[in-house]
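Spelled out, the chains give:
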Amino acid sequence: MLEPLRQGLPPIDPSAVSGSATCTLPPRYEAVGGARRFTRSTLGGWGLSERFDDVALVVSELVTNALRHALPAEAPRDTQEPAVRLHLMRWTSRLVCAVRDPSQASPVASEAADSAESGRGLFLVESFSDCWGWHPSPVLTTESTPGTGGARGKVVWALFRLADPV
């Protein structure tokens, strides 16, 4: 999952990974609050509580986009298998949050009208993180996810640079 993140970035030494955590989210919009709680707890455990506001905003947008655009609309949301996963990965000088979903459709940043109540999510991700991107997921689950036609899905990620330790 991390290989595309390395493109255009300084090499990452795998031994420098100091933490990673994963949370499987139910296919309901209430999952966004759970993703924020998971992020707060994880960042607190890593001593990065001061980064919570920016990271949580980005996590909220990525999870909301996955729930809104990547899950099949016709599938009942209460019975569908969990298909959205939040990954937080920390190195000495960077933090990555990645959201995996079952859709292969690329995320599209659009320009929302001034009066629109939505449509600014990827603009916020771009504004609050140091960079973001996406790539096809190598494997979503060991079995195909119902309603996806066996699609492998994608991972949308955002990178935050952390202050180097003194």
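The rules behind the values
Residues numbered from 1 in each chain as written. Predicted model: local features only at pLDDT ≥ 70, side-chain atom pairs only at ≥ 80, totals over all residues. Heavy atoms only, no water. Helix = DSSP H or I, 4+ residues; strand = E, 2+ residues; numbered from the N terminus. Buried < 20%, exposed > 50% of the residue type's maximum accessible area, 1.4 Å probe, protein only. Contact = heavy atoms within 4.5 Å. Areas by Shrake-Rupley, 256 points an atom, 1.4 Å probe, with all protein chains shown as cover. pLDDT = per-residue confidence, 0-100. Pairing = 2+ DSSP bridges. Lys, Arg positive; Asp, Glu negative; His and termini not counted. Salt bridge = Lys/Arg side-chain N within 4 Å of Asp/Glu carboxyl O.

Draft legend 1. Highlighting the overall build of the protein chain. The number of helices and strands found in the protein chain is 4 helices and 5 strands. Taken from the N to the C terminus, the helices and strands of the protein chain come in the order α-β-α-α-β-β-α-β-β. In the protein chain, which comprises 166 residues, the proportion classed as buried is 45%. Contacts in the protein chain between residues far apart in sequence, at least 24 positions, make up 71% of those at least 6 positions apart. Split by element, the accessible area of the protein chain, about 8,800 Å² in all, is 50% carbon and sulfur.

Draft legend 2. Quick peek at the confidence of the model for the protein chain. Overall, the predicted model of the protein chain reaches an average pLDDT of 78, with 66% of residues at or above 70. Across residues 140-145 the pLDDT falls below 50, and counting only partners more than four positions away or on other chains, this stretch makes 10 contacts in the model.

Draft legend 3. Structural context of the pairing of strand β1 (residues 19-25). What you see with β1 is a clean split: G19, A21, C23 and L25 sit on the buried side and S20, T22 and T24 on the side with no burial. Looking at chain direction, β1 and strand β2 (residues 84-90) are connected through 7 bridges and run antiparallel. Paired with G19 across the bridge in β2 is R90.

Draft legend 4. Here's a closer look at the side chain of R100. Checked against the element boundaries, R100 lands in strand β3 (residues 94-101). For the buried R100, no salt bridge exists, and the shortest N-O distance to an oppositely charged side chain is 9.0 Å, to D101.

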